[in-house]
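Structure at a glance
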Amino acid sequence: MAQLLIITTLDVLGRRNNREHHVIANLAPKFDRVAVVFRRRGRTGKTLRDLLTEEVEVIPKGAITYHAVDPKLNPAEGAVREFAQRREGWAGQALAAALDSAGILRDWLTVRALTRAAQDAADRDMPVVCEAFGPWAAAAAIALQRDGRVERTVYVDRDYEPGFMKSPLRRTWAAHAEARAASRADLTLSIGRRLAARFAGLPGAEVRISPTGVDCERFTPQRRQHPAPHLVFTGQVAAWSGTEEVLAAMEELLPQVPNLRLTIMGPCEEAYRRHLAPQIAALARHVDWRGDLPRDQVAAALDAASIGLATFRPHPLRIHATPLKLMEYLASGLPVIALEGSEAGDIVTASGAGLTCQTTGPAIAATIRRMLSDPVAYARMSEAGPPLATEHDWVKVLDREYALVTGGLLYDAQEAIA
């Protein structure tokens, strides 16, 4: 008998289709008990008293018990960033950097709140295997292991954490937290090679690759023969997503490709939506922005498109990422255009499932033009995607991950009981 304890800063009950959701779906049935401790997204309209209060709500859902943690200094998502953006120029940048440095206190309070909730969630009557997503969750798991509450800690390295930070001080703090997590956890699972390379030679770090997966049953692997001028982007729409550059590329291409279309699916903070509004309005007949859609509608939209976009800006956060959207494009047989010199670009190049380019309007336009003008190469790219996606099916990825996560612990425990 054993318990799976998951600790994460992702609001798993407020989000969908993140790695945590697939881990829960695929690994939970393999354990006797499962608890998920997560940081809840800050709600809007919080008072100062609310911001200085720590709360935990225990939510049973079938065989899984969720512990929703609202730490101190947990404002509404994007509220601090929008507050800083109200001041233009250097004043806004300086304020953003100062507030980001102060975010170190928020990180520490998050670790403390997750640790307290996980202490209550960890079962005292059986071995506890903990998957901790990100360095703040790993810090909580390591504290529990030090106190004898966790038998095995696995740090899930799924993001380049300093990439979220604006201030040099907080970036240094985050990088230290990542290195500490990798060196003290029993195992580190990096989702890509660029992430794993950060820990090469780090004393105490045992690093393995457990890649981003895809729910292959949800997507139809079409073998596309003819490149139609229909682009698609799915996922978070933010400054780093390259949307502005894609729209600039469309403006360049439309005189030669008048039926060019772009479908955008995914959430977007209101401030950035307002920023994009003039560009979108200028291309209104060619851009269909559908917002955050249910998964079945996403799959249908990928079926209807011809080229998947992963042309992120060369931001450290995105260079290291293996986005879910990439695997979903490949599973659908969509040829992909990805950022050159990124993890996504490496995958596309190695598989032959698409092309890479720099994230500028002219470079993206030239790459789209190249893909549209070569049906033979396009069909070859389409055929290359589904086999790679099949190897990254979440069931296969997480079967392998289960063996790594347990590391023989369950067998040792059973032998001790016998």
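Below: a short report on this structure. (Residues numbered from 1 in each chain as written. Predicted model: local features only at pLDDT ≥ 70, side-chain atom pairs only at ≥ 80, totals over all residues. Heavy atoms only, no water.)

Side note on the packing of aromatic side chains
Two aromatic rings, taken as a pair, are described by how far apart their centres are and by the angle between their planes. How we decide: Paired rings are identified among Phe, Tyr and Trp, the last through its six-membered ring, by centres lying within 6.5 Å, and are further divided according to the angle between planes into stacked (under 30 degrees), edge-to-face (over 60) and tilted (the rest). Put simply, DSSP H or I for four residues or longer makes a helix, DSSP E for two residues or longer makes a strand, and each gets a number counted from the N terminus. The criterion is that NZ of a Lys, or CZ of an Arg, lies within 6 Å of the ring centre and within 35 degrees of the ring normal, and then a charge sits over that ring.
Inspection of every chain in the model, using the stated rule, returns 5 aromatic pairs. Between tryptophan 240 and phenylalanine 312 the ring centres are 6.2 Å apart and the planes differ by 55°, which places this aromatic pair in the tilted class. Of this pair, tryptophan 240 sits in the loop between strand 9 (230–234) and helix 8 (243–253) while phenylalanine 312 is found in the loop between strand 12 (307–310) and helix 11 (316–319), placing the two residues 72 residues apart along the sequence. Geometry around tryptophan 289 places arginine 273 over its ring, the cationic atom sitting 4.4 Å from the centre. The lysine or arginine in question, arginine 318, covers the ring of phenylalanine 312, its NZ or CZ lying 4.6 Å from the ring centre.

Some words on the side chain of threonine 243
Counted only if it meets this: By the criterion applied in these results, polar contacts are pairs of N or O atoms within 3.5 Å in which, for protein atoms, one can donate a hydrogen and the other can accept it, and in which residues neighboring in sequence qualify only through two side-chain atoms.
For threonine 243, the location among the structural elements is in helix 8. At 2.9 Å, the side chain of threonine 243 forms a polar contact with the side chain of serine 241.

Considerations on the nonpolar core
Selection rule: The definition of a nonpolar core used throughout is a set of buried Ala, Val, Leu, Ile, Met, Phe, Trp, Tyr and Cys residues joined through side-chain atoms within 4.5 Å. When accessible area is computed with a 1.4 Å probe and restricted to protein chains, residues below 20% of their type maximum are described as buried, those above 50% as exposed, and intermediate ones as partly exposed. Whether two residues are in contact is decided by their heavy atoms: any pair within 4.5 Å suffices.
Counting residues in each nonpolar core, the largest one holds 57 residues, and the members touching the most others are Leu231 and Leu262. With residues up to four places along the chain from it excluded, the contact list for leucine 262 reads Leu231, Val232, Phe233, Val246, Leu247, Met250, His286, Val287, Asp288 and Leu309. Listed in part, the 29 residues of the second largest apolar core include Ala28, Phe31, Val156 and Leu187.

What about the packing of helix 1 (residues 19–27) against helix 16 (residues 394–406)?
Note the threshold: The angle between two axes is taken between their N-to-C directions and runs from 0 to 180 degrees, where each axis is a line fitted to C-alpha atoms and a helix contributes only its stretch in contact. Our angle categories are set so that under 35 degrees counts as roughly parallel, over 145 as roughly antiparallel, 65 to 115 as roughly perpendicular, and the remainder as oblique. Three residue categories are used. Nonpolar comprises Ala, Val, Leu, Ile, Met, Phe, Trp, Tyr, Cys and Pro, charged comprises Asp, Glu, Lys and Arg, and polar comprises the others, including Gly.
Look at helix 1 against helix 16: their axes get within 10 Å of each other, and the N-to-C directions meet at 75°. The angle between the axes of helix 1 and helix 16 places the two elements in the roughly perpendicular class. Touching Arg19, His22, Val23, Asn26 and Leu27 of helix 1 are Trp394, Val395, Val397, Leu398, Glu401 and Tyr402, all from helix 16. For the contact of helix 1 with helix 16, a count of residues per class yields 7 nonpolar, 2 polar and 2 charged.

Structural notes on unusual backbone geometry
Of all residues except glycine, most have a negative phi; of all peptide bonds, most are trans. Even without glycine at this site, asparagine 17 takes up a positive phi of about 65°. On the secondary structure map, asparagine 17 appears in the loop between strand 1 (3–8) and helix 1. Even without glycine at this site, leucine 73 takes up a positive phi of about 55°. Mapping leucine 73 onto the fold places it in the loop between strand 4 (64–70) and helix 3 (79–85). Overall, the relative accessible area of 28% leaves leucine 73 in the partly exposed class.

Observations concerning the sheet that holds strand 13 (residues 336–339)
The condition that has to hold: Should DSSP find at least two bridges between two strands, the strands are taken to pair.
Strand order across the open sheet formed by 6 strands is 11-10-9-12-13-14, with parallel pairing between neighbours. The two strands at the open ends of the sheet, each matched to only one other strand, are strand 11 (287–289) and strand 14 (354–357). Between one strand and the next, the sheet's axes are offset by a mean angle of 20°, whatever the strand orientation. Bridging between strand 10 (residues 261–265) and strand 11 involves 3 bridges; their strand directions are parallel. Each residue of the ladder has a partner; that of leucine 262, found in strand 11, is valine 287.

Structural notes on the side chain of glutamate 20
Mapping glutamate 20 onto the fold places it in helix 1. You can call glutamate 20 buried: its relative accessible area is 0%.

Notes on the pattern of salt bridges
Heads up, the condition is: Salt bridges are counted wherever a side-chain nitrogen of Lys or Arg sits within 4 Å of a carboxyl oxygen of Asp or Glu.
For the structure shown, the criterion picks out 24 salt bridges. Salt-bridge contacts for aspartate 399 lead to lysine 30; the nearest nitrogen and oxygen are separated by 3.4 Å. Within this pair, whereas aspartate 399 is found in helix 16, its partner lysine 30 is found in the loop between helix 1 and strand 2 (33–39), the two being separated by 369 residues in sequence. Taking the relative accessible area as the measure of exposure, aspartate 399 reaches 41% and is therefore partly exposed. For glutamate 206, the salt bridge goes to arginine 208, with nearest N and O atoms at 3.4 Å. Taking the relative accessible area as the measure of exposure, arginine 208 reaches 38% and is therefore partly exposed.

Describing the sheet that holds strand 6 (residues 152–157)
A sheet is described by the order of its strands in space; here 8 strands give the open sequence 3-4-2-1-5-6-7-8, paired in mixed fashion. Every interior strand has two partners, whereas the edge strands, strand 3 (55–61) and strand 8 (207–209), have only one. Averaged over all neighbouring strand pairs, the angle between strand axes comes to 20°, with direction disregarded. Contacting strand 1, strand 2, strand 4, strand 5 (128–133) and strand 6, helix 1 crosses the sheet at an angle of about 160° to strand 5. On the sheet, helix 5 (residues 135–146) packs against strand 1, strand 5 and strand 6 and is oriented at approximately 175° with respect to strand 6.

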